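Structural characterization, general
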Amino acid sequence: MAYVSVKGGERAIDNAHRWLDEKRRGDPGVAEIEVAQIREQLSLAVDRVMAEGSCYDPELAALALKQARGDVTEAIFLLRAYRTTLPRFGMSQAVSTKDMAVQRRVSAAFKDIPGGQILGPTFDYTHRLINFDLADTGPDTKATLASKPLADQMPTIASVFAHEALLETPEADPADGSEPYDLTREPMAFPAGRDQRLQALARGDEGFLLSLAYASQRGWGNTHPLCGEIRMGNVVVEFQPEELGFPIEVGEITVTECQMISNFEGSAERPPQFTFGYGLVFGHNERKAMSMAIVDRALRHAEVGEAPAHAVQDEEFVLYHSDNVEASGFVQHLKLPHYVDFQAELQFIRRLRREWQAARAPGDGLSEAAE
Amino acid sequence: MAESEMQQGQEVVEARQRAHALVARNPQETVRALFESLPDLPATQRLRPSETGLIMVRGRIGGDGARFNLGEMPVARATMQIANGTVGVGYVIGRDHDHAELAALADAMVQDPAWRDVLEQHILVPLAEQQAAREALEARKAAATKVEFFTMVRNRGPK
């Protein structure tokens, strides 16, 4: 007879969490970081937490980063958990990215895009040398102001070539009036429509999508994209409350949009033209928006008659594994007690070893192995 | 007759949309300071408790194609009634119930002829000016980062 522990550890858990709190605070001789400091000065980490947490709230994302000691995936989990506590008021009108108040808009494909190449606040063209000036209080640099503001509306790459039909036109809303797929209300299902895929990619793990996009560029995929356009800035969110009957503007959000262009050599039904991969992400995150656009295009292989041969073209592989809350949960649950599983496996392996040894023993090993 | 009523209805809707947008898209502190600067405000009553909920933000495939769900966003909601019975509705990005209540108050005042001009002059005009100034500043920063390509005339030689 053996004793089996079935519960316990409460005090150890409490004390572990107290120590975690102390660790989070770090050296008490160093000033405690404020949520507003994280929001303002680590804003790209905040943006990533909002995008993958699928919840646009810079304050909460900054707080989650503080609580998670800077662990971005843990902070994303906190934000996802928070959103489940709130009621759903409804759906916004679709945001209009062509009316974006642009901070940055570049086209790598088309130098003379109308409206021009607007670099915005970018790491591009920096030397990636550690700036030791920032180790102390950084320089109080102010942005340069042009004498005239940028035009209110930047023409999109699609509108530039629209008259020639060189670029494909994206599919319109379904004629039957059906609503877009909503992964927060319906489980992942296959085959997935492009709306469902884009929702999953928009909240998908940046690292996973980046690696898939990279792999597809290097040959484990079939995309040879050019960056048609990246734009980042603020868009207005409009919402029509049930009690009003007309839409109202409820605020502005920052988003990053990417249009990736790939050749399509034509088919019996369609003339040759450029096809698009589309990326749209909460906050300022070009790496994510570009990766999303490349993966979106790769997943459209059936529409353009490409034979799927790589992981990035397999929507079940991509969509089932892009969510880092699910992925992290499934991988990390392995560190929770599996004592009974292991006990069962111990017995199983011991029996196999007895059988293996018995089969090799000289003489009559059969009766022992049959036990 | 019906047409002019409809037209009037459309004007009211546009006035409500403008007032709501200006309150929702400016910082709560700015809006509050302007309301507090008024010598007098209508008496208000919450018609239901203010609360926080989510709106699913939608985008369009390729920027102008079919809609898809991008992600959610917390929104504060308030419904306020002013003394003459007019009801105002406020929905504002974030979780700040005070901000939503100010939006609802503005929505009620803009529908009430007794308050419409005060709101316009002391709240909406300053908010519109501040918002325009803020947006122009950002747009000037962006314009300063516009690439000016040097162009060279290539001489193809004598024809």
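Residues numbered from 1 in each chain as written. Chains lettered and ligands numbered in written order. Predicted model: local features only at pLDDT ≥ 70, side-chain atom pairs only at ≥ 80, totals over all residues. Heavy atoms only, no water.

**Considerations on the interface of chain A and chain B**
Many authors give the size of an interface as the accessible area that is lost as the parts come together. The following threshold applies: The criterion used for residue contact is that any of the two residues' heavy atoms lie within 4.5 Å. The rule for a salt bridge is simple: a side-chain nitrogen of Lys or Arg has to be within 4 Å of a carboxyl oxygen of Asp or Glu. Under this definition, polar contacts are N or O atom pairs within 3.5 Å; protein pairs additionally need one hydrogen-donor-capable and one acceptor-capable atom, and for neighbouring residues in sequence, both atoms have to be side-chain atoms. A run of DSSP states H or I qualifies as a helix once it reaches four residues; a run of E qualifies as a strand once it reaches two. Both are numbered from the N-terminal end. As a working rule, the residues Ala, Val, Leu, Ile, Met, Phe, Trp, Tyr, Cys and Pro are called nonpolar, Asp, Glu, Lys and Arg charged, and the rest polar, with Gly in that last group. Strand pairing requires that DSSP identify at least two bridges connecting the strands.
Facing 72 residues of chain A, the contacting portion of chain B comprises 54 residues. At the surface where chain A touches chain B, the tally comes to 10 salt bridges. In this structure, glutamate 72 of chain B engages arginine 83 of chain A in a salt bridge whose closest nitrogen and oxygen atoms are separated by 2.2 Å. There are 29 residue pairs in polar contact (both at pLDDT 80 or more) connecting chain A and chain B. Elements represented by at least two residues in the side of chain A that touches chain B include exactly helix H4 (58-67), helix H5 (72-83), strand E1 (88-94), strand E2 (101-106), helix H7 (194-202), strand E3 (226-239), strand E4 (248-264) and strand E5 (273-282) of chain A. Here the side of chain A that touches chain B gets nine residues from one element, more than from any other, and that element is E4 of chain A. Each residue belonging to the side of chain A that touches chain B can be placed in one class, and the counts come to 39 nonpolar, 17 polar and 16 charged. Pairing analysis gives four bridges linking E1 of chain A to strand E1 (residues 44-60) of chain B, with the strands arranged parallel. Counted as the bridge partner of methionine 91 of chain A is methionine 56 of chain B from E1 of chain B.

**So, H7 of chain A**
In plain terms, the rule: Only protein chains enter the area calculation, which uses a 1.4 Å probe; residues under 20% of their type maximum are buried, those over 50% are exposed, and those in between are partly exposed.
Judged by how many residues are buried, H7 of chain A sits mostly within the fold: nine of nine residues are covered. Regarding H7 of chain A, the residues found buried are Arg194, Asp195, Gln196, Arg197, Leu198, Gln199, Ala200, Leu201 and Ala202 of chain A.

**Notes on a nonpolar patch on the surface**
Residue and element names in this part refer to chain A. In plain terms, the rule: Patch construction takes residues with relative accessible area above 30% that form no salt bridge. Like charges are linked within 9 Å, and nonpolar side chains (Val, Leu, Ile, Met, Phe, Trp, Tyr) are linked within 5 Å. For the accessible areas, the method is Shrake-Rupley and the probe is 1.4 Å, while residue cover comes only from the protein chains on display.
Taken together, the side chains of Phe348, Ile349 and Leu352 define a hydrophobic patch exposed on the protein surface, amounting to about 260 Å² of accessible area. Turning to its location among the elements, isoleucine 349 is positioned in helix H12 (residues 339-360). Classification of isoleucine 349 by relative accessible area gives partly exposed; the value is 44%.

**Digging into the packing of helix H3 (residues 43-53) of chain A against H4 of chain A**
All names here are of chain A. As a reminder, the rule being used: Here, axes are lines fitted to C-alpha atoms. For helices the fit covers the stretch in contact, and angles between N-to-C directions go from 0 to 180 degrees. For classification, angles of less than 35 degrees are called roughly parallel, those exceeding 145 degrees roughly antiparallel, those between 65 and 115 degrees roughly perpendicular, and all remaining angles oblique.
Where H3 meets H4, the axes come as close as 9 Å, and the angle between the chain directions of the two elements is 105°. Comparing their axes, H4 and H3 come out roughly perpendicular. Contacts between H3 and H4 involve Ala45, Val46, Val49 and Met50 from the former and Pro58, Ala61, Ala62 and Leu65 from the latter. Across the contact of H3 with H4, the residue classes break down as eight nonpolar, no polar and no charged.

**Some points on helix H2 (residues 28-36) of chain B**
Residue and element names in this part refer to chain B. The following threshold applies: This arc describes the spread of directions from the helix axis toward the C-beta atoms.
Residues Gln28, Val31, Leu34 and Phe35 constitute the buried set of H2. Relative to the axis of H2, the buried residues are bounded by an arc of 135° and lie together on one face. Within H2, the exposed residues directed more than 90 degrees away from the buried face are Glu29 and Glu36.

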